[in-house]
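Structural overview
Next come the chains, spelled out residue by residue.
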Amino acid sequence: MNRSYNKGPVETRTRRVLLIAGPGTEILDLVGPLQVFARAADMFRKQNPGSLPIYSVEVITTSPRKSVMTNCGLRITAHKTFREVRGEIDTLLIAGGSAIENDEISIEVVRWLRKIAGRIRRIGSVCTGAMLLGRAGLLDGRQATTHWNWCELLATKYPRTDVDPNPIFIRDGTVYTSAGVTAGMDLALALVEEDHGSRLALQVARNLVLYLRRPGGQSQFSAALSMQLTDRKPLRELESWVLDNLNKPLNVPVLAQRVAMSPRNFARVFTKEMKTTPAKFVERLRVEAARRRLEESHNSMETIASECGFGNVNSMRNVFQRTLKIAPGQYRRHFRSMRHVKRRPKAKASST
């Protein structure tokens with residue numbers, strides 16, 4: 001059996017990653033992915049002494065100066081301005097921020113992106129960085145996402161883009177877009193996994209106390225969090241009651257009675273406030289509750305289906321497939337395999 005650690009350094013190549021930052025950049029959009037790539041490179045180097053670094057990460061500004069003020073008031077100094085970039089680029093990610101959101105990035109930067117995009121192995125965005133990709137025409141004919149609060153505007157401004165507000169990130173060919181803020185770290189982990197396999201990506205995720213993968217198709221924010229967006233106190237209080245009564249029938253008449261409204265008025269007000277129907281909202285709460293039980297308990301599928309109000313396992317399976325694109329049994333196995341993966345034992349040095 002061949003063991004690379006007994007044969008000297010592992011053969012690698014250095015992938016150059018550029019992170020684009022404009023004035024008012026969202027700092028977590030920038031430093032989150034940067035930290036993932038940097039930690040991956042550091043961990044790989046320690047496991048493979050003498051190998052080339054797997055990533056070289058540079059921060060590039062969209063302005064004439066290397067200094068840029070982030071949205072939280074912290075000023076950072078980048079490696080280069082966009083005008084100074086030369087040489088091969090493996091990956092380019094655009095961080096979101098106020099200058100991008102307000103269309104304050106110069107047309108020179110837009111033209112630069114169009115010019116170099118075809119020479120980059122993969123190009124993408126974090127959060128509202130997708131707006132700059134759209135402006136450069138790089139999302140035309142593609143599926144994309146961004147921060148949930150900006151999806152409607154992205155779709156309106158760039159109608160040739162198929163905007164999906166739900167996923168954490170989307171890959172369409174060589175173009176990657178991710179949801180808001182911390183989703184950039186999810187995307188960066190996926191890129192590390194794509195480059196160097198799930199073992200290294202999992203080690204980085206565990207080191208940074210992150211999920212390697214959030215469940216496929218998961219919405220950008222939970223049903224419970226979306227309920228907090230409404231100003232109507234009875235609707236906010238309804239969520240807690242629903243969570244305590246998932247195993248009961250939760251149709252419109254039952255919910256309407258709980259908040260002392262007529263079924264017709266309740267359905268109208270709820271749909272207007274929450275941008276979804278009561279039935280779909282309850283379904284999301286049930287899915288989230290079932291997911292937590294699958295992750296945290298050893299209860300049977302039958303018990304979880306009953307506790308969460310699905311009635312039976314087949315019904316729960318159908319809802320999981322429709323909303324998360326994964327069966328509950330597969331979800332539980334995947335989650336546990338990710339949680340319990342152990343590092344491969346280090347080989348003893350051979351005597352010579």
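Residues numbered from 1 in each chain as written. Predicted model: local features only at pLDDT ≥ 70, side-chain atom pairs only at ≥ 80, totals over all residues. Heavy atoms only, no water.

1. Regarding the state of the cysteines
- Inspection of the entire model under this criterion finds 0 disulfides.
- C151 takes part in no disulfide bond, and the closest cysteine sulfur, belonging to C127, lies 9.6 Å away.
- Residue classification places C151 among the buried positions, given a relative accessible area of 5%. (Disulfide = S-S within 2.5 Å. Buried < 20%, exposed > 50% of the residue type's maximum accessible area, 1.4 Å probe, protein only.)

2. Thoughts on the pairing of strand β6 (residues 91-94)
- Side chains of β6 alternate between two faces, with T91 and L93 and L92 and I94 buried alike.
- Where β6 lies against strand β7 (residues 122-125), 4 bridges are found, and the strand directions are parallel. The residue of β7 that forms the bridge with T91 is R122. (Helix = DSSP H or I, 4+ residues; strand = E, 2+ residues; numbered from the N terminus. Pairing = 2+ DSSP bridges.)

3. Considerations on the side chain of T91
- Here T91 shows up in strand β6.
- Overall, T91 belongs to the buried group, its relative accessible area being 1%.
- Polar contacts involving the side chain of T91 include one to the side chain of D90, which spans 2.6 Å.
- If near-sequence neighbours (up to four positions away) are discounted, T91 is found in contact with R16, V17, L18, I120, R121, R122 and L191. (Polar contact = N/O pair within 3.5 Å; in protein donor to acceptor, adjacent residues only side chain to side chain. Contact = heavy atoms within 4.5 Å.)

4. Quick notes on the pairing of strand β11 (residues 175-178)
- Burial along β11 is two-sided: the residues V175 and T177 and Y176 and S178 are all buried.
- One ladder, built from 3 bridges, connects β7 with β11; its direction is parallel. Its bridge partner lying in β11, S125 is registered against T177.
- Bridge count for strand β10 (residues 169-172) against β11 is 4 bridges, and the pairing is antiparallel. Bridge assignment links R171 to a residue of β11, and that residue is Y176.

5. A short note on unusual backbone geometry
- Of note in the backbone geometry, A260 takes a positive phi value of approximately 60 degrees without being a glycine.
- Assignment of secondary structure puts A260 in the loop between α9 (252-258) and α10 (263-274).
- Judged by its relative accessible area of 70%, A260 is exposed.
- Positive phi, normally seen in glycine, also occurs at K325, with a value near 60 degrees.
- With respect to the secondary-structure elements, K325 resides in the loop between α13 (313-324) and α14 (328-340).

6. Describing the pattern of salt bridges
- Taken as a whole and assessed by the stated rule, the structure comprises 18 salt bridges.
- The closest approach of N and O atoms between E58 and R16, which form a salt bridge, is 2.6 Å. You can see E58 sitting in strand β2 (residues 55-61) and its partner R16 sitting in strand β1 (residues 15-21), a full 42 residues away along the chain.
- Exposure remark for E58: the relative accessible area of 9% places this residue in the buried category.
- When the shortest N-O distance is used, the salt bridge between R83 and E108 registers 2.8 Å. Within this pair, whereas R83 is found in the loop between β5 (80-81) and β6, its partner E108 is found in helix α3 (residues 107-117), the two being separated by 25 residues in sequence.
- Given a relative accessible area of 39%, R83 falls into the partly exposed group.
- Since its relative accessible area comes to 37%, E108 is described here as partly exposed.
- In this structure, a network of salt bridges that share partners links the residues R15, D90, R121, R122, R171, E194 and D195. (Salt bridge = Lys/Arg side-chain N within 4 Å of Asp/Glu carboxyl O.)

Geometry only, nothing functional implied.
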